[in-house]
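What follows is each chain in one-letter form.
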Amino acid sequence: MKKNLIKKVFAVSLSIAMACSLIPAANPVTASAAAPYVSLKTTFKTLKVGQKYKMTLKNNTINWKIKKVETTDKTICTVYGKTTSSVMLKGKSEGRATIRVKLATTKRKKNNTKTLRCRAKVVTTTPTPVDPGTTTQTDATVTTQQELTDALAKTGITKITIKPAGAVNFTIPTGTYNNVDLIVDAPQSEIENSATFKSITVENIKSSTWTEKGTGNAFTWKAANGRLVVGKGASVRNIAIPTASAKVAIDVQEGTIAAITVSAKIDLTITGKLAANAPAINISFTASATDATLSTAIKAAVSTAAKIATTFLAGAEDSTVKIEVTGISVTVTNGTTKPIQVTRNNNTTMNIAVGAKGQNVSSAASNTGTGTWTPGTGSGTGSGTVKPMTANTIVTGGAFNITVSGSAVGLADSETASGGSLIFSVSQIRPVSPGSLEYRAIIKSGDYSNYGSWKSMTKWEKPISTTGNDKDVYYYDIVNGSISLQGMAWNEAATLTIQFRVAADGNNSAGAVSEASATLPVLNAPADNKGVEIPMQNCQAGWK
């Protein structure tokens, strides 16, 4: 009986199993999952200060391309070296920033743009534990070439002092030491430098030569005597000269110097030749530089808050002088082939004639006024009268287009462009009444600014009309004007401003300045150590 019961149970179970096998599945399993969306390699990245990281795309199945990259705080994490599929990140200082990567694809007609984000956390380098009985070396004083080489190789060194006992010459090879202050106290030594430092202070140097081949260095020149040679392709950010009675000679051999700051009574001589298309050297004299002298054979834009004497030699054509304050005077000798323009503190201007010697120009009694100060000619202090500003003005009704293009060059890991120029064209500018027009361009990017010199504009051959009030009024064009981009900051919004005015004539000073500005595209540092092109574009600009 027990066996029969088992047989019945087995038969019933078999019947149920067979019935279930004939019922279709209610939710069949999908053969494959949906393809993943395009995304960044990571959405959160921790970097150390100074560390670099290459951010790429993943799951890029429909040819998404990176069009623009932004950082919410470039002082914490900066972006550069953008390509269509990657971008470089670099930790700058401790903190957090968000990186926005904007994409576009041509594989879709709709939903063909998107923005991806990556949060970046930048931390300081974790210090290596040290034995309590030892100290970490941060300063090094070197007396030989080998000691200098060894000190440069140590990552913990933040200050190096070159101080040999005798006549030992030094060569500093190419390298970047942005955390190292270099001090030079070597009265019998010559130095050739190709590296970039946080700062360079020259306490003493042999009177013959410091040869600079590096890029982007800032000098404090305390040596009482010395000759600084800026070699071909080299660039200097600033030279501060604070030592009274110093005699400093600067020889530019197709390099560039952005600025020189003089804050003591010194004799400064500048010779040589700037690199092609390099802007004028900005030379400023502070109030403590009374009775300083300047002799330059290179184009310079001089500004002064102290009584000084200047001599402009052949090669310094298109130089300018600006008197910043009341109660001072500037003596100008013009040995160039063009007049030297002097602007007083109240913005009145005068031209120092070719061949003038010892022409004295005094500041105005106040900082407001109009007109041009007309000096006498020849040697001596001269005399003059104030000429009225021309009544001619510029038509500023309506907006117009400024067409820009050009290129900037530099290293992939640099923060500023080492060269390049912006090309621009403007058409149909005209004065209200007949008169020659002139213009100058100004580039500003972050803390960087470059002021071009005043230049004449091209006049159309035919007037607007042959009768009535417009009979003798002409249109003017700027055709392929240019301005240097050296020193412009990467990853910064740049602005091109073009200023216009009616030029001075025999009876009137230059007219009031009108200007128009256009915003340029943000340029990322090149990834290939070469350059980036500024795309041709029409920037809508208005008068102000």
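As shown above, the structure is provided for reference.
Residues numbered from 1 in each chain as written. Predicted model: local features only at pLDDT ≥ 70, side-chain atom pairs only at ≥ 80, totals over all residues. Heavy atoms only, no water.

A.B. asks: Can you explain the sheet that holds strand S4 (residues 65-71)? Please cite residues and give values.
C.D. replies: Strands sit in the order S2-S8-S7-S4 across an open sheet of 4 strands; the sheet is mixed. Bordering the open sheet on either side are strand S2 (44-48) and S4, each of which pairs with just one other strand. Each strand axis lies, on average, 30° off the axis of its neighbour in the sheet, ignoring direction. (Pairing = 2+ DSSP bridges. Helix = DSSP H or I, 4+ residues; strand = E, 2+ residues; numbered from the N terminus. Axes fitted to C-alpha atoms, helices over the stretch in contact; angles between N-to-C directions.)

A.B. asks: Break down the environment of Leu-274 for me, with residues and values.
C.D. replies: With respect to the helices and strands, Leu-274 occurs in strand S20 (residues 267-274). We classify Leu-274 as buried; its relative accessible area is 13%. Put simply, Leu-274 and Gly-315 are 41 residues apart on the chain and 9.7 Å apart in space, counted from C-alpha to C-alpha. Discounting residues that sit within four places of it in the chain, Leu-274 has contacts with Val-252, Glu-254, Gly-255, Thr-256, Pro-279, Ile-281, Ile-298 and Lys-299. (Buried < 20%, exposed > 50% of the residue type's maximum accessible area, 1.4 Å probe, protein only. Contact = heavy atoms within 4.5 Å.)

A.B. asks: Give me the lowdown on the packing of aromatic side chains, citing residues and values where you can.
C.D. replies: Overall, the coordinates contain 2 aromatic pairs when judged by the stated rule. Their ring planes at 25° and their centres at 5.4 Å tell us that Tyr-177 and Phe-197 sit as a pair that is stacked. Here Tyr-177, found in strand S12 (residues 176-186), pairs with Phe-197, found in strand S14 (residues 196-205); they are 20 residues apart in sequence, far enough to count as distant. With respect to burial, Tyr-177 and Phe-197 carry one shared label: buried. For the ring pair Trp-210 and Phe-219, a centre distance of 5.6 Å and an interplane angle of 85° mean the geometry is edge-to-face. Residue classification places Phe-219 among the buried residues on the basis of a relative accessible area of 2%. (Phe/Tyr/Trp six-rings, centres within 6.5 Å; stacked < 30°, edge-to-face > 60°.)

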